[in-house]
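# Examining the three-dimensional arrangement
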Amino acid sequence: MTPRITINTLFDMKRKGDKIVSLTAYDYPFAKIADESGVHVILVGDSLGMVVQGDTHTLSVTMDEMIYHTRIVARATQHAMVVADMPFMSYQTSVETALANAGRFLKETGAAAVKLEGGAAVSATIKAMTAAGIPVQAHIGLTPQSVHQMGGYRVQRDEARLLSDARSVEAAGAFSVVLEGIPADIAREITGTLTIPTIGIGAGPHCDGQVLVIHDLLGITDRHLPKFVKQYASLRQQAAIGIKAYVQDVQNNAFPTEAHSY
Ligand code: KIV
């Protein structure tokens, strides 16, 4: 059996130039498919709020919801590293609260790491977590929990700030950093500067790896897809075909038949 991916595997991959594949999952069946399909890092993202709970942002997601979803995702995996996303206000109020919440993910779910949004502003928190033995994936650029502060979901172009945030989270001990919604040339520069792997989403092809939201990739969602998404399947359409056929069969007495009866 292939060994479990760890932060050391990811460091080796960056050194060798092997691309890291990350994908979100929120439940057992899709986490199992992702794990069996060779995804290296499964992120239980707080995008849960948008693609599973139907909200327009991620701000309302709670710790208890993330614990529940991370636990069922971790249960489905044998190979991928599972990263739990820290929801809004689970780490911003104090380092102590952040540590306690990050610790819950490792103690209660089977996740091997946590992710949090922010650069220099959360470096002290990242430092405390890594000192406590909790691997942290940072997330800079377009940080959806700051949607109101950014004035919407906007591409972030302040190169000096992005580089300084990237250096700051690396110095604080993050094992990786998600670069979201930034120009490809800035992502290339950050990727060349850092020794930790960069994982891009809407950050071009030069990152050490890529991450996508599984509902976008599989065409499950009816939300507007951002430019950076490539849709690899149309599961929403397939599901509607199946469900409509079931509705018709029941209404026409075509299901169940003798073959489905005792
Ligand atoms: O919540 C999420 O799914 C994320 C990824 C898009 C990086 O943060």
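In every chain, residue numbers begin from 1 and rise along the written sequence. The model is predicted, so local features are restricted to residues of pLDDT at least 70 and side-chain atom pairs to those at 80 or more, both for listing and for counting; the totals for chains, interfaces and linings are taken over all residues. Based on all heavy atoms of the structure, the side-chain values leave hydrogens and waters out of the count.

## As for the overall build of the protein chain
This is how the line gets drawn: Helix numbering and strand numbering both begin at the N terminus, where a helix is a DSSP run of H or I of at least 4 residues and a strand a DSSP run of E of at least 2. With the radius of gyration taken over C-alpha atoms, the globule rule is written as 2.2 Å times the number of residues to the power 0.38. Relative accessibility thresholds used throughout: buried, under 20% of the residue-type maximum; exposed, over 50%; partly exposed, between the two (1.4 Å probe, protein chains only). The contact rule is simple, with two residues in contact once any of their heavy atoms fall within 4.5 Å. Areas reported here follow the Shrake-Rupley algorithm with a probe of radius 1.4 Å; residue values treat only the protein chains shown as occluding.
Counting secondary structure elements, the protein chain contains eleven helices and eight strands. Computed over its C-alpha atoms, the radius of gyration of the protein chain comes to 20 Å, within 12% of the 18 Å expected for a compact globule of 262 residues. In terms of overall dimensions, the protein chain has a C-alpha envelope of 65 × 40 × 35 Å along the principal axes. Burial status across the protein chain gives 48% buried among its 262 residues. The long-range share in the protein chain, meaning contacts at least 24 apart out of those at least 6 apart in sequence, stands at 58%. In the form shown here, the protein chain has an accessible surface area of approximately 13000 Å², with 54% of it arising from carbon and sulfur atoms.

## Describing the site of the ligand
This is how it is decided: Proximity is defined per residue: if any heavy atom of the residue lies within 4 Å of a molecule or strand, that residue is considered near it. Side-chain atoms alone can form a polar contact between residues adjacent in sequence; in general such a contact is a pair of N or O atoms within 3.5 Å, and within protein one must be able to donate a hydrogen while the other accepts it. The definitions used throughout rest on a 1 Å grid laid over the protein atoms alone, on which a cavity is an enclosed set of points accommodating a 1.4 Å probe that cannot get out and a pocket is an open set flanked by protein within 12 Å on both sides along at least five of seven lines; lining residues are those having an atom within 4 Å of a point. A pocket or cavity is taken to hold a molecule when more than half of that molecule's atoms are within 2 Å of the pocket's grid points.
Every residue near the ligand is listed here: Thr24, Leu43, Gly45, Asp46, Ser47, Asp85, Lys115, His139 and Ile201. Between the ligand and Ser47 there is a distance of 2.5 Å, counted from an oxygen atom to a side-chain nitrogen or oxygen. The side chain of Asp85 places a nitrogen or oxygen atom 3.1 Å from an oxygen atom of the ligand. Look at the ligand: alone it shows 260 Å² of surface, and the protein chains cover 96% of it. Here the ligand is seated within the largest pocket.

## Quick word on the packing of helix α4 (residues 63-76) against helix α5 (residues 95-108)
Quick note on the threshold: Orientation is described by lines fitted to C-alpha atoms, with helices fitted over the stretch in contact, and by angles between N-to-C directions that extend from 0 to 180 degrees. We call two directions roughly parallel when the angle between them is under 35 degrees, roughly antiparallel when it is over 145, roughly perpendicular when it lies between 65 and 115, and oblique otherwise. Handedness of a crossing is defined here by the sense of rotation of the near helix relative to the far one, left-handed for an anticlockwise turn of less than a right angle and right-handed for a clockwise turn. When residue character is reported, Ala, Val, Leu, Ile, Met, Phe, Trp, Tyr, Cys and Pro are called nonpolar, Asp, Glu, Lys and Arg charged, and the others, Gly included, polar.
One way to put it is that α4 packs onto α5 with a least axis distance of 10 Å and a crossing angle of 25 degrees. Comparing their axes, α5 and α4 come out roughly parallel. Both α4 and α5 take part in a crossing whose hand is right-handed. Touching Met63, Asp64, Met66, Ile67, Thr70 and Arg71 of α4 are Asn101, Arg104, Phe105 and Glu108, all from α5. Partitioning the contact of α4 with α5 into residue classes produces four nonpolar, two polar and four charged.

## Concerning the nonpolar core
Counted only if it meets this: The criterion is simple. A nonpolar core is a set of buried Ala, Val, Leu, Ile, Met, Phe, Trp, Tyr and Cys residues joined through side-chain atoms within 4.5 Å.
Membership of the largest hydrophobic core comes to 55 residues, with the highest contact counts inside it found for Ile126, Met129, Leu179 and Ile190. One finds Ile20, Leu43, Phe175 and Ile201 within the second-largest nonpolar core, a separate group that totals 14 residues.

## Quick word on the pattern of salt bridges
A side chain with one charge may pair with a side chain of the opposite charge, provided their charged atoms come close. For clarity, the threshold we go by: What makes a salt bridge here is a side-chain nitrogen of Lys or Arg within 4 Å of a carboxyl oxygen of Asp or Glu, nothing more.
Applying the stated criterion to the full structure yields eight salt bridges. Between Lys32 and Glu36 there is a salt bridge; the shortest N-O distance is 3.1 Å. In this pair, Lys32 and Glu36 are both assigned in helix α2 (residues 28-36), four residues apart and thus about one turn of the helix distant. Among the residues examined, Lys32 registers a relative accessible area of 30% and is labelled partly exposed. Of the charged contacts, one joins Arg161 and Asp165 as a salt bridge, the two residues approaching to 3.5 Å between their closest N and O atoms. In this pair, Arg161 and Asp165 are both assigned in helix α8 (residues 159-172), four residues apart and thus about one turn of the helix distant. Residue Arg161 is classed as exposed on the basis of its relative accessible area, which comes to 54%. Judged by relative accessible area, which is 9%, Asp165 ranks as buried.

## Structural notes on unusual backbone geometry
Cis geometry marks the peptide bond from Phe255 to Pro256; its omega dihedral reads -5 degrees. When you line up the elements, Pro256 lands in the segment after α11 (235-251). Of note in the backbone geometry, Met89 takes a positive phi value of approximately 75 degrees without being a glycine. The topology assignment puts Met89 in the loop between β3 (81-85) and α5. For Met89, a relative accessible area of 43% gives the class partly exposed. In this model, Asn253 sits at a positive phi of 60 degrees, which is unusual for a non-glycine residue.

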